[in-house]
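The chain contents come next:
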Amino acid sequence: MNRLSDIPSSSGSEGAKALATTLAHAILAGKWASGDTFPRELDLCQHFSISRNRVRNALAGLSSRGLIERVAGRGTVVCDIENWHLLDPRMSEWMAGLDSPHPQLVREIFTFRLSVEPFVSELAALAADAQDLARIESAFDDMRDSAADPARREEHANHDVAFHEAIYQASHNLVWRQMGLLLRPSIVALIHYSQHNAPSLNDSLDRHYRVFEAIRLRQPEAAREATERVLARTADDLNIDNGERRLRRPTSLSQQISQ
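These numbers come from a predicted model, not from an experiment. (Residues numbered from 1 in each chain as written. Predicted model: local features only at pLDDT ≥ 70, side-chain atom pairs only at ≥ 80, totals over all residues. Heavy atoms only, no water.)

(A) Molecular detail of the overall build of the protein. Helix and strand counts for the protein come out as 13 helices and two strands. At a minimum sequence separation of 6, the contacts of the protein that also span at least 24 residues come to 73%. With an accessible surface of roughly 12900 Å², the protein has 46% of that area assigned to carbon and sulfur atoms. (Helix = DSSP H or I, 4+ residues; strand = E, 2+ residues; numbered from the N terminus. Contact = heavy atoms within 4.5 Å. Areas by Shrake-Rupley, 256 points an atom, 1.4 Å probe, with all protein chains shown as cover.)

(B) Fine view of the environment of Asn173. Along the chain, Asn173 turns up in the loop between α8 (153-170) and α9 (174-182). We classify Asn173 as partly exposed; its relative accessible area is 29%. One polar contact links the side chain of Asn173 to the main-chain amide nitrogen of Trp176, over a distance of 3.0 Å. (Buried < 20%, exposed > 50% of the residue type's maximum accessible area, 1.4 Å probe, protein only. Polar contact = N/O pair within 3.5 Å; in protein donor to acceptor, adjacent residues only side chain to side chain.)

(C) Local environment of the side chain of Thr234. Counting through the fold element by element, Thr234 comes out in helix α12 (residues 220-238). Look past the residues within four positions of Thr234 in its chain and what remains in contact with it is Phe110 and Ser194.

(D) Looking closely at the nonpolar core. Formed by 39 residues in total, the largest nonpolar core has its most connected members in Leu23, Ile27, Leu28, Phe38, Leu62, Leu67 and Trp84. Looking at this core, the elements with two or more residues in it are α2 (16-28), α3 (41-48), α4 (52-64), α5 (89-96), α6 (103-127) and α12. Broken down by element, this core gets its largest block of residues, seven residues, from α2. Contact partners of Trp84, with chain neighbours within four places excluded, come to Ile27, Leu28, Arg65, Gly66, Leu67, Cys79, Met91, His102 and Leu105. (Core = buried A, V, L, I, M, F, W, Y, C linked by side-chain atoms within 4.5 Å.)

(E) Focus on the pattern of salt bridges. Here the structure, examined in full by the defined rule, presents 18 salt bridges. Residue Arg52 pairs with Glu41 through a salt bridge whose shortest N-O separation is 2.9 Å. One end of the pair, Arg52, is in helix α4; the other, Glu41, is in helix α3, with eleven residues separating them in the sequence. For Arg52, a relative accessible area of 43% puts it in the partly exposed group. Assessed through its relative accessible area of 11%, Glu41 is described here as buried. In this structure, the salt-bridge partner of Arg233 is Asp237, at a minimum N-O distance of 3.0 Å. Taken together, the residues Arg233 and Asp237, both in helix α12 and four residues apart, mark about one turn of the helix. (Salt bridge = Lys/Arg side-chain N within 4 Å of Asp/Glu carboxyl O.)

(F) Here's a closer look at unusual backbone geometry. Positive phi, normally seen in glycine, also occurs at Ser49, with a value near 50°. Relative to the helices and strands, Ser49 resides in the loop between α3 and α4. Phi at Arg218 takes a positive value of approximately 55°, unusual for a residue other than glycine. Along the chain, the position of Arg218 falls in the loop between α11 (202-216) and α12.

(G) Main features of the environment of Leu4. Within the secondary structure, Leu4 sits in helix α1 (residues 2-5). It is 8.7 Å that separates the C-alpha atoms of Leu4 and Asp43, two residues lying 39 residues apart in sequence. The contact partners of Leu4, leaving out residues within four places of it in the chain, are Trp32, Pro39, Asp43, Leu44, His47 and Phe48.

(H) Up close: the packing of α2 against α4. Running from N to C, α2 and α4 cross one another at 45°; their axes reach a closest spacing of 8 Å. Between α2 and α4, the interaxial angle falls into the category oblique. Relative to α4, α2 is oriented so that their crossing is right-handed. Between α2, through Ala16, Leu19, Ala20, Leu23, Ala24 and Ile27, and α4, the contact on the second element is made entirely by Arg54, Val55, Asn57, Ala58, Leu59 and Leu62. (Axes fitted to C-alpha atoms, helices over the stretch in contact; angles between N-to-C directions. Parallel < 35°, antiparallel > 145°, perpendicular 65-115°, else oblique. Left-handed = near helix turned anticlockwise from the far one by under 90°.)

(I) View of α2. The end-to-end C-alpha distance of α2 is 18 Å, a good match for the 18 Å that 13 residues give at a rise of 1.5 Å each. Of all the residues in α2, the buried ones are Ala16, Ala18, Leu19, Ala20, Thr22, Leu23, Ala24, Ala26, Ile27 and Leu28. One or two steps after α2, the chain reaches Gly30, where phi turns positive at roughly 85°. (Expected span 1.5 Å × (residues − 1).)

(J) Broad picture of the environment of Ala226. Tracing the backbone shows Ala226 in helix α12. As for Ala226 and Ala214, which are separated by twelve residues in sequence, their C-alpha atoms are 7.7 Å apart. Sequence-distant contacts of Ala226, that is, excluding residues within four places in its chain, are made with Arg207, Arg210 and Val211.

Encoded structure:
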């Protein structure tokens with residue numbers, strides 16, 4: 001009950017959907033670790049002053065997204081992060097509202113971005129049209145205009161997301177464009193979290209501009225390298241150290257074409 005007591009009891013007052021969101025945020029933020037026993041239905045009913053039927057509906061929502069499961073003899077336990085349905089639309093809603101994501105979730109999202117976005121930037125450098133370039137440049141201009149004001153950090157993060165989203169679109173690959181949309185909430189959470197930890201955004205702005213310039217000049221290899229430098233800065237802001245788990249990056253698009 002200790003961890004449950006940290007959650008405001010008013011969170012469940014709006015019904016099962018609001019309760020599911022509150023509990024999902026707690027799990028996604030790492031309040032309960034993988035394998036931990038989750039609070040009993042009765043405890044949830046008492047803490048949130050909500051009916052057992054609404055609690056069960058909320059738990060069903062968490063279970064169907066792979067966050068919790070019932071285990072014989074143990075009750076309800078929190079699932080391993082590998083079983084979370086991160087691309088489920090409801091999970092996307094939950095992740096978009098996170099202030100402090102689970103450390104492993106942060107790392108997994110970052111690892112995805114590091115393995116994918118340099119390649120997507122290469123595609124964009126080859127396929128971007130005038131409208132794509134205008135969208136990327138507009139997002140960058142908005143980033144630059146909002147960077148100096150600490151009170152506009154959240155706005156700046158949203159422009160940062162729009163910048164990367166525009167690059168996914170500029171790839172003109174249907175799968176990557178759809179992946180960009182599906183993963184937007186995860187990327188939003190990561191960018192917000194990394195910028196919250198960053199003392200200054202000047203270096204980040206310079207790295208983003210180099211990505212835009214490489215795409216504008218149709219330099220795929222330079223776009224790939226510039227994106228990797230953006231993500232290297234993100235890793236620093238998130239205090240992520242790959243250590244022994246260094247990624248084997250995919251072969252660059254330019255190398256694939258030449259082979």
